[in-house]
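Coordinates in review
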Amino acid sequence: MVATAGTTEREGWSSRTAFILAAVGAAVGLGNVWRFPTLAGENGGGAFVLFYVGCVFLLGLPLVISEIFIGRTGQNDAVGSIRKVAEKSGAAKSWSAFGLLGVAGAFLIVSFYSVVAGWVLYYVGVMGADFVGALTAGEPLRGALVGESQEAIQGRMGDLFANPALLLAMHLAFMGVTLFIVARGIGSGIEKAATILMPMFFVLLIGIAIYGAFVGNMGEAVAFLFTPDWSKLTPQVMNTALGQALFSLSLGVAGLITYGSYIKGSAGLGPTSVTIAFADTGVALISGLMIFPIVFAVGLDPAAGPTLVFQTLPFAFQTMPGGALIGFLFFVLILVAAVTSSISLLEVPTAWGIGELGWSRRKSSLTFGTGAFLIGIACLLGYNVWSDVRLLGFWPLFAETDILDTVDGFTGKVMLPLGALFTAVFVGWKADRNLVEEMTGLSGFWLGIWRFLIAWLCPLAVGAILVTGLFPGILGG
Ligand code: TRP
């Protein structure tokens with residue numbers, strides 16, 4: 001750390017590329033590789049996918065620019081950054097309250113995110129052991145889990161869920177790695193992790209996608225993902241798609257405000273944001289094109305839900321040439337993506353503790369990392385000992401959901417859209433226009449488009465989707 005004139009200089013990215021890698025790393029995660037294919041499958045494919053892509057570019061991209069703008073201008077944690085922009089714009093400082101909503105949201109998300117990443121870690125172990133078995137048997141290119149029945153393979157997930165100690169161990173390991181990286185700080189922690197892991201991720205992604213194109217049923221996958229049946233686009237499906245777009249782009253809970261605050265130099269936010277949105281959406285679509293051809297080739301159900309990746313795919317890999325190896329690499333790929341995202345989530349409350357409470361990075365990351373770990377324990381116990389607990393049981397939307405899905409659903413369907421709504425109104429209506437122009441680097445035509453989207457379309461669309469999605473009765477359905 002460099003001390004200047006008695007103050008300690010705040011940390012920052014070493015270059016624009018470093019920021020982009022870290023931000024793409026934050027965006028690309030379980031949301032892309034696990035959740036997007038799951039939701040696309042459950043919601044009937046095409047219509048959901050196309051509506052999702054519309055959400056990304058009409059609502060998500062303008063919000064990406066807005067969040068980075070706030071962070072870059074504020075040069076502080078989420079709350080401090082919003083306060084700074086409000087100050088410079090002559091708006092009420094109380095706007096910073098939605099930063100706190102974001103801090104709470106990111107903290108809650110990382111708690112269950114680590115649990116799901118723990119399942120992935122377990123499968124890295126399962127598939128890795130199987131691959132080692134294939135190697136020692138002198139058959140490196142055999143299918144996965146050969147000799148096991150479909151029930152046995154699918155039963156592995158049930159066994160994992162019934163085993164709190166195993167779930168806990170995986171959750172602990174994953175949260176430990178996340179905490180370790182965040183505690184090391186921006187330069188030698190988060191940036192370093194992103195510069196190593198992201199290239200690795202893309203090599204794996206392209207490799208497995210090409211493999212899937214050769215061994216799988218690409219035609220059926222493309223038809224499923226891109227042929228819309230608009231009758232399937234109900235308000236709940238729209239709400240799910242919007243929530244997923246926000247989640248996948250790391251929006252709504254101050255993730256990009258926080259990362260944006262570590263930008264030092266000047267750079268146009270337009271191209272940077274477009275890169276993030278394209279990379280994130282590209283990875284989601286490629287993940288779909290990687291998973292569904294394999295699922296269809298074996299004649300399995302695309303609408304399996306959250307177990308698609310953990311039960312359907314491992315079985316599909318059984319019949320694939322080289323399935324043991326590819327199955328293992330597939331879970332490594334998801335794990336890598338999850339790490340670069342979970343560190344961005346934990347960084348949000350960590351930065352807040354440093355900026356607002358005056359804590360050291362070590363103290364702040366340890367406090368929030370431990371807190372999220374404990375909430376995660378409640379989530380994983382919801383699959384076994386606490387399987388009857390319904391946290392928001394009074395709310396019809398969550399009447400049937402276990403603990404993890406309730407925390408996931410509440411953050412995704414309530415906190416994220418709400419945070420996005422506040423961001424849009426704040427940047428679209430309250431932030432000083434000259435400041436916005438100067439700090440985003442946008443001008444002319446694109447500035448006009450972006451202003452229209454952030455001031456009008458985002459608040460209206462996000463507001464409408466939020467209300468109709470949460471209270472389905474409103475439409476008389
Ligand atoms: N975008 C990540 C994913 O798709 C999750 C995530 C990381 C996130 N940082 C975030 C979500 C900040 C919301 C806010 O897996």
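Now for a look at the structure at hand. Note that residues are indexed from 1 along each chain, following the sequence as it is written. Totals for whole chains, interfaces and linings use every residue, but because this is a predicted model, local features are given only for residues with pLDDT of at least 70 and side-chain atom pairs only at 80 or more, for both listing and counting. Remark: hydrogens and water are excluded; side-chain values derive from all non-hydrogen atoms of the structure.

It is worth spelling out helix α12 (residues 269-297) at this point. Helix and strand labels come from DSSP, where a helix needs a run of H or I of at least four residues and a strand needs a run of E of at least two; each type is numbered from the N terminus. Each residue after the first adds 1.5 Å to the expected span of a helix. Across its 29 residues, α12 extends 42 Å between first and last C-alpha, which sits within 8% of the 42 Å expected from 1.5 Å per residue. Where α12 ends, the next residue or the one after it, Gly299, has phi of about 70°, a positive value.

A few words on the environment of Arg10. Inspection of the secondary structure puts Arg10 in the loop between β2 (7-8) and α1 (16-27). Relative accessibility thresholds used throughout: buried, under 20% of the residue-type maximum; exposed, over 50%; partly exposed, between the two (1.4 Å probe, protein chains only). Judged by relative accessible area, Arg10 falls into the partly exposed class, the value being 25%. Separated by 248 residues in sequence, Arg10 and Thr258 place their C-alpha atoms 12 Å apart. Any pair of N or O atoms that falls within 3.5 Å is considered a polar contact. Within protein, one atom must be able to donate a hydrogen and the other to accept it, and sequence-neighbouring residues count only if both atoms are side-chain atoms. Engagement of the side chain of Arg10 in a polar contact is seen with the backbone oxygen of Asn76, the distance being 3.4 Å. Of the polar contacts made by the side chain of Arg10, one reaches the backbone oxygen of Ser261; its length is 3.0 Å.

Turning our attention to empty space enclosed by the protein. For each structure, a 1 Å grid was placed over the protein atoms alone; sets of points admitting a 1.4 Å probe that cannot get out are labelled cavities, open sets with protein on both sides within 12 Å along at least five of seven lines are labelled pockets, and lining residues have an atom within 4 Å of a point. Grid points are joined across faces, edges and corners, and a volume is the space filled by probe spheres set on the points. Summed over all chains, the structure comprises three cavities of 30 Å³ or more. The volume enclosed by the largest cavity comes to roughly 160 Å³. Lining the largest cavity are 16 residues, and of these Ala26, Phe247, Ser250, Ser344 and Leu345 sit closest to its centre. Breaking the lining of the largest cavity down by element, the ones donating at least two residues are α1, α5 (97-136), α10 (235-248) and α14 (323-357). Counting residues per element, the lining of the largest cavity draws most heavily on α14, which supplies four residues. Across the lining of the largest cavity, the residue classes break down as 10 nonpolar, six polar and no charged. For the second largest cavity, the calculated volume is near 50 Å³. What lines the second largest cavity is Val427, Gly428, Ala431, Arg433, Val436, Trp450, Arg451 and Ile454. Among the elements that line the lining of the second largest cavity, the one with the most residues is helix α18 (residues 444-470), at three residues. Residue polarity is assigned by list, with Asp, Glu, Lys and Arg as charged and Ala, Val, Leu, Ile, Met, Phe, Trp, Tyr, Cys and Pro as nonpolar; anything else, Gly included, falls into the polar class. A breakdown of the residues in the lining of the second largest cavity according to their chemical character gives five nonpolar, one polar and two charged.

All right, on to the site of the ligand then. Summary of the distance rule: residues count as near a molecule or strand when at least one heavy atom falls within 4 Å of that molecule or strand. With respect to spatial proximity, 14 residues lie near the ligand, and among them Ala27, Gly31, Tyr113, Phe247 and Ser344 are the closest. One of the backbone nitrogen or oxygen atoms of Gly31 is found 2.8 Å away from an oxygen atom of the ligand. Contact distances for the ligand include 3.1 Å between a nitrogen atom and a backbone N or O atom of Ser248. For accessible areas, the Shrake-Rupley method is used with a probe of radius 1.4 Å. Any residue's cover is judged against the shown protein chains and nothing else. For the ligand, the protein covers 100% of the area, taking 360 Å² as the surface of the free molecule. For a molecule to be placed in a cavity or pocket, more than half of its atoms must lie within 2 Å of the grid points of that cavity or pocket. Because more than half of its atoms lie within 2 Å of the grid, the ligand is assigned to the largest cavity. Contributing elements (two or more residues each) for the shell around the ligand: α1, α2 (30-42), α10 and α14. Tallied by class, the residues present in the shell around the ligand amount to seven nonpolar, seven polar and no charged.

Once that is clear, we can look at the pattern of salt bridges. Within this document, salt bridges are pairs made up of a side-chain nitrogen of Lys or Arg and a carboxyl oxygen of Asp or Glu, the two lying within 4 Å of each other. Counted under the stated rule, the structure contains nine salt bridges. Salt-bridge contacts for Arg142 lead to Asp130; the nearest nitrogen and oxygen are separated by 3.6 Å. Placement of Arg142 in the loop between α5 and α6 (150-161) and of Asp130 in helix α5 is noted, with a sequence separation of 12 residues between them. Classification of Asp130 as buried rests on a relative accessible area of 11%. One salt bridge connects Lys232 with Asp229, and the closest N-O pair in it is separated by 3.9 Å. Within the structure, one salt-bridge network assembled from shared partners comprises Glu11, Glu347 and Arg361.

Take the layout of surface pockets next. The calculated volume of the largest pocket comes to roughly 620 Å³. Around the largest pocket sit 27 residues that line it, and Arg35, Leu39, Glu42, Asp405 and Asp408 are the ones nearest its centre. When contributions to the lining of the largest pocket are tallied by element, the ones reaching two or more residues are α2, α6, α10 and α16 (403-430). In terms of residue count, α16 provides more of the lining of the largest pocket than any other element does, six residues in total. Per-class residue counts for the lining of the largest pocket are 10 nonpolar, 10 polar and seven charged.

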